[in-house]
Amino acid sequence: MLNDITLGQYFPGDSAIHRMDPRMKLILTIVYIVGVFMVGNLPGYALSLLFLYIVVRISGIRFSYLVKGIRPLRFILIFTFVLNLFFAAGETVILDLGFFTLTAEALSYAVYFALRLVFLVMGTSVLTLTTSPVQLTDGLERLMHPLQRFHFPAHELAMMMTIALRFIPTLLEETDKIQKAQMARGADFETGNLIARAKAMIPLLVPLFVSSFRRANDLAMAMEARCYRGGDHRTRLRELRYTRLDAYGAAAMALFLILIVAEGRLLG
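Below or above, wherever it landed, is the structure these notes cover. All of these numbers come straight from a predicted model, not from anything done at the bench. (Residues numbered from 1 in each chain as written. Predicted model: local features only at pLDDT ≥ 70, side-chain atom pairs only at ≥ 80, totals over all residues. Heavy atoms only, no water.)

Here's the deal with the overall build of the protein
Condition: For helices the rule is a DSSP run of H or I covering at least 4 residues; for strands it is a run of E covering at least 2, with both sets numbered from the N terminus onward. Working definition: with a 1.4 Å probe on protein chains only, accessible area under 20% of the residue-type maximum means buried, over 50% means exposed, and in between means partly exposed. Residue contacts are defined here by distance: any two heavy atoms, one from each residue, within 4.5 Å place the two residues in contact. In these tables, accessible area is a Shrake-Rupley quantity obtained with a 1.4 Å probe, and a residue counts as shielded only by the protein chains included in the view. Only four residue types enter the tally: Lys and Arg on the positive side, Asp and Glu on the negative side; His and the chain ends are excluded. Taken as the charge location is NZ of Lys, CZ of Arg, CG of Asp or CD of Glu.
A tally of regular secondary structure across the protein gives 10 helices and two strands. Taken from the N to the C terminus, the helices and strands of the protein come in the order α-α-α-α-β-β-α-α-α-α-α-α. Oriented by its inertia axes, the alpha-carbon framework of the protein measures out at about 65 × 55 × 40 Å. In the protein, which comprises 268 residues, the share counted as buried stands at 36%. Contacts in the protein between residues far apart in sequence, at least 24 positions, make up 72% of those at least 6 positions apart. Surface accessibility of the protein: about 16,700 Å² in total, with carbon and sulfur atoms responsible for 67%. Side-chain charges of the protein comprise 27 positive and 20 negative groups, with the mean position of each set lying 6 Å from the other.

Below you can see the structure in the form of structure tokens.
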């Protein structure tokens, strides 16, 4: 299941999505997420899914591979869905059990919130799958560069965010190896009550934390040994430039937002 997580992984390619400027891809990803949160009905989510499917096909990534990345998050999705059923307000009662009252508004809100989380993960996964860590770092730094006049650490923040994303697949692979090694020694992670399962995670978490700190220390030593210094004086192998592909992407996203707004007014 850990290998199904797509967030943070990079899929090399030469598609139009891969060749877009990372700054534009970051902006369009944020705009897409905002557009998804503007949707308030199922036709709007169907339109969001269609737009995402077209982008994924252009990028050369299998859509099934992207959907597979949702599987590890199913427990979070179920938890948020059930939580919204209990705490979301509404007037149209569907089921009344005394201690629990289900309303149509709460059910709709729970479904929509779960769909938003799904599109949030899938849209962000498309960004990381089509953008290398180096490009992602450069794009984040250039977007936050105007904040440096207010002494904002743009380069350091961009580097930390990119390293965190880059090490997600590495930590997942390390977790899988440690879990298989502990299971070979007789560890059981799947049976017992909640407390027993929590205790069974200790042989997994302790080696994982030790390995993570060791990797962080090795990375810091490697950067210091190469005299790495970020900031304004850092040179880049490839300078970022906007091209026609970025203009086409912006136009497609603008069309998506227009359709979302128009659909919401017609059916809202």
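A look at the nonpolar core
For clarity, the cut-off: For this analysis, a nonpolar core means a set of buried residues of the types Ala, Val, Leu, Ile, Met, Phe, Trp, Tyr and Cys, connected via side-chain atoms within 4.5 Å.
Counting residues in hydrophobic clusters, the biggest one holds 28 residues, and the most contacted among them are Tyr 32, Leu 52, Val 56, Leu 66 and Met 122. Elements supplying a minimum of two residues to this core: α1 (22–38), α2 (42–59), α3 (63–68), α5 (104–130) and α10 (244–267). The dominant element in this core, judged by the number of residues it contributes, is α5, at seven residues. If we ignore the near neighbours within four places in the chain, the residues touching Leu 66 are Leu 52, Val 56, Met 122, Ser 125, Val 126 and Leu 129.

Topic: the pattern of salt bridges
Oppositely charged side chains can pair when the atoms bearing their charge come close. Threshold: Salt bridges are counted wherever a side-chain nitrogen of Lys or Arg sits within 4 Å of a carboxyl oxygen of Asp or Glu.
Applying the stated criterion to the full structure yields five salt bridges. With its nearest N and O atoms 3.6 Å apart, the salt bridge here joins Arg 19 to Asp 14. Since its relative accessible area comes to 45%, Arg 19 is described here as partly exposed.

Some remarks on a nonpolar patch on the surface
Our working definition: Like charges within 9 Å and nonpolar side chains (Val, Leu, Ile, Met, Phe, Trp, Tyr) within 5 Å are joined into patches, using only residues over 30% in relative accessible area that form no salt bridge.
On the surface, Ile 78, Phe 79, Val 82, Leu 83, Phe 86 and Phe 87 cluster together into a nonpolar patch covering about 640 Å² of accessible area. Residue position: Val 82 is located in helix α4 (residues 74–87). According to the relative accessible area criterion, Val 82 is partly exposed, its value standing at 35%.

Here we look at the side chain of Thr 80
What counts is decided by this rule: Here a polar contact means two N or O atoms within 3.5 Å. Within protein one must be a hydrogen donor candidate and the other an acceptor candidate, and residues neighboring in sequence count only if both atoms are side-chain atoms.
Summarising the element assignment, Thr 80 is placed in helix α4. Of the polar contacts made by the side chain of Thr 80, one reaches the backbone oxygen of Leu 77; its length is 2.9 Å. Residues within four places of Thr 80 in sequence aside, it is in contact with Phe 113 and Leu 117.

A closer look at the packing of aromatic side chains
The test is simple: Aromatic rings from Phe, Tyr and Trp, with only the six-membered ring used for Trp, were paired whenever their centres fell within 6.5 Å, and each pair was classed as stacked if the ring planes differed by under 30 degrees, edge-to-face if by over 60, and tilted otherwise.
Following the criterion strictly, the structure yields seven aromatic pairs and no others. Ring-pair connections join several aromatic residues into one group, and the members of that group are Tyr 32, Phe 51 and Phe 256.

What to know about the environment of Leu 204
Residue placement: Leu 204 occurs in helix α9 (residues 202–225). Under the relative-accessibility criterion, Leu 204 is labelled buried at 5%. Placed 24 residues apart in sequence, Leu 204 and Lys 180 show a C-alpha to C-alpha distance of 9.7 Å. With near-sequence residues (within four places) excluded, Leu 204 lies in contact with Thr 175, Ile 178, Gln 179 and Phe 189.

Details of α1
So the rule is basically this: Here, expected helix span is obtained from the residue count minus one, scaled by 1.5 Å.
A rise of 1.5 Å per residue sets the reference length of α1, with its 17 residues, at 24 Å; its end C-alpha atoms lie 24 Å apart and thus fit the reference within 8%. Residues of α1 that are buried include every one of Pro 22, Arg 23, Met 24, Lys 25, Leu 26, Leu 28, Thr 29, Tyr 32, Ile 33, Gly 35 and Val 36, and no others. Where α1 is buried, its residues touch α2, α5, α6 (133–144) and α10. In this structure Asp 21 caps α1, since a side-chain oxygen of it lies 2.8 Å from the backbone nitrogen of Arg 23.

Thoughts on the packing of α1 against α6
Packed helices, taken two at a time, are described by the angle between their axes plus the distance between the axes. Filter applied, for reference: Helix axes use the C-alpha atoms of the stretch in contact, all axes being lines fitted to C-alpha atoms, and the angles between their N-to-C directions lie in the range 0 to 180 degrees. Throughout, the term roughly parallel applies to angles under 35 degrees, roughly antiparallel to angles over 145, roughly perpendicular to angles from 65 to 115, and oblique to all others. Lys, Arg, Asp and Glu make up the charged group, whereas Ala, Val, Leu, Ile, Met, Phe, Trp, Tyr, Cys and Pro make up the nonpolar group; the residues left over, Gly among them, are polar.
Here α1 crosses α6 at 75°, and the two axes come no closer than 8 Å. Judged by the angle between their axes, α1 and α6 are roughly perpendicular. Across the interface between the two elements, Pro 22, Arg 23, Leu 26 and Ile 27 of α1 pack against Gln 135, Leu 136, Gly 139, Leu 140, Arg 142 and Leu 143 of α6. For the contact of α1 with α6, the class distribution of residues is six nonpolar, two polar and two charged.

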